[in-house]
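A look at the structure
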Amino acid sequence: MKRPSWDEYFLNIIKEVAQRSTCLRRQVGAILVMDNRILASGYNGAPKGLAHCMEVGCLRERLGIPSGEKQELCRGLHAEMNALLQAASYGVQIEGATLYTTSHPCVLCAKMLINCGVRRIVALSDYPDWLSKEMLKEAGVQVEIVKDNNVPSNPHTP
C-alpha cells in the first residue's frame with residue numbers, strides 16, 4: 001500500500017468537496033491549505049439562503065453563454081470564492097497558502113487569490129481563461145495542473 005503524497009491527499013479531498021456543488025454545468029471543489037492543514041473549503045453554488053441552480057435552472061445555459069465567458073452572469077459563487085469567504089468569515093489567515101481546486105481559477109478568482117496572498121495553486125483540470133493565467137504568472141503564483149498520472153506539470157512556475 002502506497003501512502004499518498006500531500007498533494008495527492010488534498011487533491012482527493014477536493015473531489016469530495018466538489019460533490020456538494022449545486023452547479024448544473026461544472027462541479028468544482030476547492031480547499032486552502034497551509035503547513036499541510038486545511039484552512040477552509042468551498043464549492044460552487046448560490047449564496048446562502050438563495051435558490052440553487054439545480055432548483056431554478058441554469059441562467060448561463062438559457063442564455064447560451066460558453067464556459068470561460070461572462071462569469072458575472074451566474075447565480076453561483078465559485079468554489080475558490082467560497083473558500084476565501086469561509087476563511088474571512090472565521091478570521092483565518094491564508095497569506096502564503098496553497099489552493100487545491102478541481103479546475104484552474106477564472107480571472108475573477110485569480111485576482112482575489114492574488115490579493116489574499118495565495119502563493120501556489122494545484123488544479124486537477126485547466127480552464128479556458130488566458131487572462132487568469134497571465135495575471136497569476138505576473139503575480140508570481142506557482143500554478144500546477146495535475147496530469148492523469150498524478151504527476152504535477154508546471155505550465156508556469158515563476
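These lines cover the structure that appears in this document, whether it is placed above or below. (Residues numbered from 1 in each chain as written. Predicted model: local features only at pLDDT ≥ 70, side-chain atom pairs only at ≥ 80, totals over all residues. Heavy atoms only, no water.)

Looking at the overall build of the protein chain
Looking only at helices and strands, the protein chain has six helices and six strands in total. In sequence order, the secondary structure elements of the protein chain are arranged as α-β-β-α-α-α-β-α-β-α-β-β. In terms of overall dimensions, the protein chain is globule-like: its C-alpha atoms have a radius of gyration of 15 Å, near the 15 Å expected for 158 residues. The principal-axis extents of the C-alpha atoms in the protein chain amount to approximately 40 × 35 × 30 Å. Taking contacts inside the protein chain between residues at least 6 apart in sequence as the whole, the part at least 24 apart equals 49%. A total of about 8900 Å² of accessible surface is found on the protein chain, and carbon and sulfur atoms cover 52% of it. Distance from the positive charge centre (18 side chains) to the negative charge centre (16 side chains) of the protein chain: 3 Å. (Helix = DSSP H or I, 4+ residues; strand = E, 2+ residues; numbered from the N terminus. Rg over C-alpha atoms; globule rule 2.2 N^0.38 Å. Contact = heavy atoms within 4.5 Å. Areas by Shrake-Rupley, 256 points an atom, 1.4 Å probe, with all protein chains shown as cover. Lys, Arg positive; Asp, Glu negative; His and termini not counted. Charge placed at Lys NZ, Arg CZ, Asp CG, Glu CD.)

Examining helix 4 (residues 79-89)
Among the residues making up helix 4, those that are buried are Ala 79, Glu 80, Met 81, Asn 82, Ala 83, Leu 84 and Ala 87. Against strand 1 (29-34), strand 2 (37-43), strand 3 (98-101) and helix 5 (107-116) lie the buried residues of helix 4. Looking one or two places after helix 4, you find Gly 91, whose phi comes out positive at around 65 degrees. (Buried < 20%, exposed > 50% of the residue type's maximum accessible area, 1.4 Å probe, protein only.)

Points about the side chain of Ser 132
Examined against the element boundaries, Ser 132 turns out to sit in helix 6 (residues 130-138). Residue Ser 132 is classed as buried on the basis of its relative accessible area of 0%. Setting aside residues up to four positions removed in sequence, Ser 132 forms contacts with His 104, Pro 105, Cys 106, Val 107 and Ala 110.

Notes on the pattern of salt bridges
Counted according to the given criterion, the structure contains five salt bridges. A salt bridge links Asp 7 to Arg 120, with the nearest nitrogen and oxygen atoms 2.7 Å apart. Taken together, the positions of Asp 7 in helix 1 (residues 6-18) and Arg 120 in strand 4 (residues 120-123) put the pair 113 residues apart, joining distant regions of the chain. Here Asp 7 matches Arg 120 in class, with each residue buried. Take Arg 120: its relative accessible area is 17%, and that puts it in the buried class. (Salt bridge = Lys/Arg side-chain N within 4 Å of Asp/Glu carboxyl O.)

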